[in-house]
Amino acid sequence: MYNFAHNLFAPEKQAVWGDTVLVLLPNSAGSNGQSLKDLEPGLLDYVVATCDPEVVGELLGRQDDFPKLFGRRKLEQKLQVVAGNGLFTSSTLEKDWKVAHGLLPRSFNQIRVKNYFPVLLDKTRSFVSAWAQLPQGATVTDLSDWLTCMTADAVVKASMGLDMGNVEAKAAGTPLHKFIAAFRFSIKAAVGRATVESEFGKLAAWNPFFDGRAAVEAKAAAALKDSHDVVNELLEKTRKGEIGGPQSVLSAMLNDVSPTTGDFVALHNIFGQVMNLMIAGEAD
């Protein structure tokens, strides 16, 4: 195994094979002897790692020669069903990506991020305050839920102008905003982690009279519909001026044209861009 940190990027690197390394990805055999490339068509065959500034400069100057191609792998196709043609879930050759890429990054430039800071600070204080009220020695067993609440509240409040109040609801033990469950299950189903057993229990998984696959698919469809309903509600409130404002990502997608293409973001594409924004926040 080639040690990138030691040989390539360390201050006193050995650079055994130089400052730029071509790494061939392995073919992991599948259960029936297929290669990983057989199971997932379109998988990359190799990657390039470099710390040579001249190589970096050349690659940055030739970005059109290296388009991002999304949607060839089965997992990517399933994710697109949930997240549409967002910035992260579409190819750089597609019009949806070109329009959004010219417009949306302006919502996260240095000035905008600085303006978001009070919102993020306020939500962080609510988060810390909720934990501070836990009994001494208490163990937080649902950390993922807490972090999802924090992320969703901060992202939606900062970029769209609506406080979902999930952190406060989590602290009070009251139901969370319906988007949380809908978004999380939509992604869970898309990446193949929603099974009959995980959603309905072992007995259901072994019950010959229970169509588990259909039940999981129905739950995923309901979650995706709920996600669409929430985004449509946000759009309607933005259109009416009830939320949003000059910093709103939704306002930008509804009212501004992309400086790179001169086009508005297509209405059918706004849902995917919002879901991509939530995925990015969840990952961070």
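A quick note: this is a predicted structure, and the numbers were derived from the prediction, not measured.

A. Looking closely at the overall build of the chain. If you tally the helices and strands in the chain, you get 14 helices and two strands. Scored against the burial criterion, the 284 residues of the chain give a buried share of 35%. When contacts within the chain are restricted to residue pairs at least 6 apart in sequence, those whose partners lie at least 24 apart make up 57%. When the accessible surface of the chain is summed, it comes to about 17200 Å², and 58% of that surface belongs to carbon and sulfur atoms.

B. Highlighting the pattern of salt bridges. Under the defined criterion, the tally for this structure stands at 16 salt bridges. Its salt-bridge partner being Lys 237, residue Glu 233 comes within 3.4 Å of it at the nearest N-O pair. Remark: Lys 237 and Glu 233 occur in helix α12 (residues 212–239); sequence separation between them is four residues, near one turn of the helix. Sharing partners across several salt bridges, the network here consists of Lys 123, Asp 153, Asp 163 and Glu 168.

C. Local environment of helix α9 (residues 178–190). Its 13 residues give α9 an end-to-end C-alpha distance of 18 Å, which sits within 8% of 18 Å, the value for a rise of 1.5 Å per residue. Within the sequence span of α9, burial applies to Phe 179, Ile 180, Ala 182, Phe 183, Phe 185, Ser 186, Ile 187 and Ala 190. Immediately downstream of α9, the backbone of Gly 192 shows phi near 85°, a positive value.

D. Local environment of the environment of Gly 241. Along the chain, Gly 241 falls in the loop between α12 and α13 (249–255). Looking at Gly 241, the relative accessible area reads 58%, which means it is exposed. In sequence terms Gly 241 and Ser 251 are ten residues apart; their C-alpha atoms lie 9.2 Å from each other.

E. Molecular detail of the packing of aromatic side chains. Per the counting criterion, the structure on display carries six aromatic pairs. Taking the centre distance of 5.8 Å and the plane angle of 90° together, the rings of Phe 127 and Trp 146 count as edge-to-face. With a gap of 19 residues between them, Phe 127 in helix α6 (residues 110–132) and Trp 146 in helix α7 (residues 143–160) connect regions that are remote in the sequence. Trp 146 matches Phe 127 in its accessibility class, with the two residues each being buried. Among the aromatic residues, ring-to-ring pairing joins Phe 127, Trp 131 and Trp 146 into one connected group. Stacked on the ring of Phe 185, the Lys or Arg Lys 219 has its end atom at 4.7 Å from the ring centre.

Rules of the game
Residues numbered from 1 in each chain as written. Predicted model: local features only at pLDDT ≥ 70, side-chain atom pairs only at ≥ 80, totals over all residues. Heavy atoms only, no water. Helix = DSSP H or I, 4+ residues; strand = E, 2+ residues; numbered from the N terminus. Buried < 20%, exposed > 50% of the residue type's maximum accessible area, 1.4 Å probe, protein only. Contact = heavy atoms within 4.5 Å. Areas by Shrake-Rupley, 256 points an atom, 1.4 Å probe, with all protein chains shown as cover. Salt bridge = Lys/Arg side-chain N within 4 Å of Asp/Glu carboxyl O. Expected span 1.5 Å × (residues − 1). Phe/Tyr/Trp six-rings, centres within 6.5 Å; stacked < 30°, edge-to-face > 60°. Lys NZ or Arg CZ within 6 Å of the ring centre and 35° of its normal.

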